[in-house]
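One letter stands for each residue in the lines below.
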Amino acid sequence: MILLPVLVLAIVPPVVVRVRAQGTPAALGFPWADVHTPRGDRLPDFSYCGYRASQQPLPSNQTQPAVTLERKSGDQTRRIQDAIDEVAAKGGGVVALGSGEFTISSRGLTLPSGVVLRGTGPGLTRLTIEALGDVPVVSIGNGTLIPSVLPLHAADITDQYVPIGSSSVTVDNVTGFESGQRVFVQREVTDAWVRANGMTDLSLNGEQQIWLKSSTVVRQPRTITSVDGDTVTLDIPLTDALDSNLDFMQPTLVAFNPPPMSTEMGVEDLSIALSPTCSGATLNSHCDSPAISFTSWSSDSWARNLELTGFNFYFETKYNSSRITIQDVVMTRDADARDAGNTERALPADILVQGTQLMVADCSQRGLETAASFAVMTGSLAPGPNAVLRFRVPSDSQMIVPHQRWAHGFLVEDTDAQVRLMDRSTNGTGHGWTINAGVGWNLRGAALVQSPPLGVNWCIGCSGWIDRRSNGTFLERGDEVVPRSLFQAQLERRADLLK
């Protein structure tokens with residue numbers, strides 16, 4: 001056995017490091033599991049992203065449908081929704097649409113728990129909508145009907161520093177906590193923490209902008225796997241550090257009962273088209289509704305093998321959605337938002353990530369090469385882990401960019417798209433530091449990677465042009481690393497540990 005040395009990496013900018021373990025054969029690959037900062041922060045474990053935390057494959061798309069609807073003329077919204085509701089009432093199943101065009105209205109479709117909407121293939125089955133309303137074309141789950149959760153009990157976390165990648169915390173009182181219980185690992189934003197991150201004095205056109213208000217809650221949803229003495233072990237390693245030093249924060253562990261979850265829902269094997277197109281419209285317009293929305297408290301669900309055309313906003317995953325897979329989806333833009341007077345500060349999004357354990361795999365934007373967009377972006381405080389794998393774009397006008405306000409635990413790997421893990425400062429409404437514990441892995445496009453004063457973002461195996469404003473932690477700059485996929489390597493390692 002060849003032992004790999006531990007790599008301790010400084011995060012004080014600027015950091016551009018080339019590391020290979022001396023005498024280590026290249027076939028062994030980059031020692032990603034040994035990477036850590038002086039404070040003990042490690043690469044987040046992204047293997048928990050996706051349907052069923054990637055422990056199971058997506059369900060087969062060859063199962064027998066419960067109901068099959070053939071094409072008819074006229075508005076088919078009510079007909080399709082009635083079939084969906086009928087199948088749901090009988091315990092779930094597949095509603096299949098035959099070949100041809102199905103016209104639906106702006107009131108859209110809703111998939112409840114256990115129901116899959118399936119076509120005969122992209123280009124063969126086509127949902128067409130002529131105008132957007134104020135709801136998504138397809139809403140997956142009933143999250144809009146679910147109230148917020150109330151805490152059951154809470155305890156202070158007594159560790160002075162809990163680094164990124166930790167799987168356990170120490171609490172002052174374990175009463176009421178037990179294996180299998182859902183919890184939030186959470187902390188409140190403090191003025192001292194905001195100041196230490198340099199986000200106190202954001203000003204645009206003479207007006208102060210607020211990055212994060214004091215007392216804003218930063219949450220990491222987890223499940224308890226064990227309680228031993230005053231130590232609570234969690235199912236997924238943390239993607240944001242907890243720092244009680246210098247009065248930055250008092251982290252807590254909060255138990256809660258989630259509302260009934262909507263699960264096992266999918267939309268697959270079809271095309272959805274908006275005509276006339278909204279692609280390239282300005283933001284805050286009639287084109288703001290997404291094509292597909294995974295609603296709050298939806299989980300273990302998917303969208304796959306789709307072609308989407310004419311939208312200005314394609315997917316959203318709402319807060320408290322989890323374990324979602326978006327796979328093999330082509331999103332076509334036939335107009336550039338900048339032609340409508342937008343700038344980079346107000347570009348549309350293909351995919352908005354607000355939930356957790358989302359996996360976007362083998363998706364692409366096509367169409368007009370100059371159609372600028374945030375191919376994938378995160379919302380404020382979006383909790384990790386979330387992962388984007390092998391996203392394809394037509395040009396450098398498309399970017400993968402955490403969008404605002406301290407999302408954490410975000411992997412982008414094996415893509416030609418621009419990737420920016422950065423301080424957006426006064427962009428938008430004072431978006432400031434957008435991401436902590438972000439990882440760019442085998443990036444071929446341009447990269448801007450910056451680490452916040454109280455955090456760290458990595459770029460490993462980044463071979464494209466590096467923006468000179470970068471101050472993040474760079475490893476193997478200029479070379480692709482092995483394994484090609486950090487996600488797959490972490491998944492295989494987790495499987496080995498479970499044997």
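- As recorded in an unreviewed UniProt entry, the protein chain goes by Pectate lyase superfamily protein domain-containing protein and comes from Immersiella caudata.

**What to know about the state of the cysteines**
By definition, a disulfide links the sulfur atoms of two cysteine residues through a covalent bond.
And then number 1: Under the criterion given, the structure shown has 2 disulfides.
And then number 2: Between the sulfur atoms of Cys-278 and its disulfide partner Cys-287 the distance amounts to 1.8 Å. One quick way to see it: the torsion about the S-S bond of Cys-278 and Cys-287 is about -60 degrees, and its sign makes the bridge left-handed.
And then number 3: Note that Cys-459 is cross-linked by a disulfide to Cys-462, the S-S spacing being 1.9 Å. Disulfide Cys-459-Cys-462: the torsion about the S-S bond is -110 degrees, which places it as left-handed.
And then number 4: Take Cys-459: its relative accessible area is 0%, and that puts it in the buried class.
And then number 5: For Cys-462, a relative accessible area of 2% gives the class buried.
And then number 6: If the cysteines joined by disulfides in the protein chain are listed in sequence order, their pairing comes out as 1-2, 3-4.

**Observations regarding the packing of aromatic side chains**
And then number 1: The full count for this structure, using the stated rule, is 8 aromatic pairs.
And then number 2: Both rings, one in Phe-256 and one in Trp-297, keep their centres 6.3 Å apart while their planes meet at 55 degrees; by these two values the pair is tilted. Placement of the pair is Phe-256 in strand S20 (residues 252-256) and Trp-297 in the loop between strand S23 (292-294) and strand S24 (298-309), with a sequence separation of 41 residues.
And then number 3: With relative accessibility at 4%, the residue Trp-297 sits in the buried group.
And then number 4: With a centroid separation of 6.0 Å and 70 degrees between ring planes, the pair formed by Phe-311 and Tyr-314 is classed as edge-to-face. There is no split in this pair, since Phe-311 and Tyr-314 are both buried.
And then number 5: Each residue in the set Phe-184, Phe-256 and Trp-297 is aromatic and connected to the rest through ring pairs, giving one cluster.
And then number 6: Over the ring of Tyr-161 we find Arg-39; its NZ or CZ atom is 3.8 Å from the centre of that ring.
And then number 7: Across from the ring centre of Phe-184, 4.3 Å away, lies the NZ or CZ of Arg-219, which sits over that ring.

**What about the nonpolar core?**
Most often, soluble globular proteins keep nonpolar side chains buried together rather than apart.
And then number 1: Of all hydrophobic cores here, the largest spans 67 residues; its most connected members are Ile-80, Leu-117, Ile-292, Phe-315, Phe-391 and Ile-400.
And then number 2: Listed in part, the 25 residues of the second largest apolar core include Trp-32, Ala-241, Trp-441 and Phe-487.

**As for the pairing of strand S5 (residues 93-97)**
And then number 1: Burial of S5 is extensive: 5 of the 5 residues sit out of reach of the surface.
And then number 2: For the handedness criterion, the β-α-β arrangement of strand S4 (residues 67-69), helix H1 (residues 77-89) and S5 is classed as right-handed.
And then number 3: Where S5 meets strand S8 (residues 115-118), 4 bridges bridge the pair, whose relative direction is parallel. Residue pairing across strands places Val-95 opposite Leu-117, the latter belonging to S8.

**What to know about the sheet that holds strand S10 (residues 138-140)**
And then number 1: With parallel pairing, the 9 strands of this open sheet are ordered in space as S7-S10-S23-S25-S27-S30-S32-S34-S36. With partners counted over all chains shown, the strands left at the sheet margins are strand S7 (109-111) and strand S36 (447-449), one partner each. Shown here is a sheet whose adjacent strand axes are inclined to one another by a mean of 10 degrees, direction ignored.
And then number 2: Here strand S34 (residues 418-421) runs beside S36; their pairing, made up of 3 bridges, is parallel. By the bridge assignment for S36, Val-419 is matched with Ala-447.

The rules behind each value
- Residues numbered from 1 in each chain as written.
- Predicted model: local features only at pLDDT ≥ 70, side-chain atom pairs only at ≥ 80, totals over all residues.
- Heavy atoms only, no water.
- Disulfide = S-S within 2.5 Å.
- Buried < 20%, exposed > 50% of the residue type's maximum accessible area, 1.4 Å probe, protein only.
- Phe/Tyr/Trp six-rings, centres within 6.5 Å; stacked < 30°, edge-to-face > 60°.
- Helix = DSSP H or I, 4+ residues; strand = E, 2+ residues; numbered from the N terminus.
- Lys NZ or Arg CZ within 6 Å of the ring centre and 35° of its normal.
- Core = buried A, V, L, I, M, F, W, Y, C linked by side-chain atoms within 4.5 Å.
- Right-handed = clockwise from strand over helix to strand, strands pointing away.
- Pairing = 2+ DSSP bridges.
- Axes fitted to C-alpha atoms, helices over the stretch in contact; angles between N-to-C directions.

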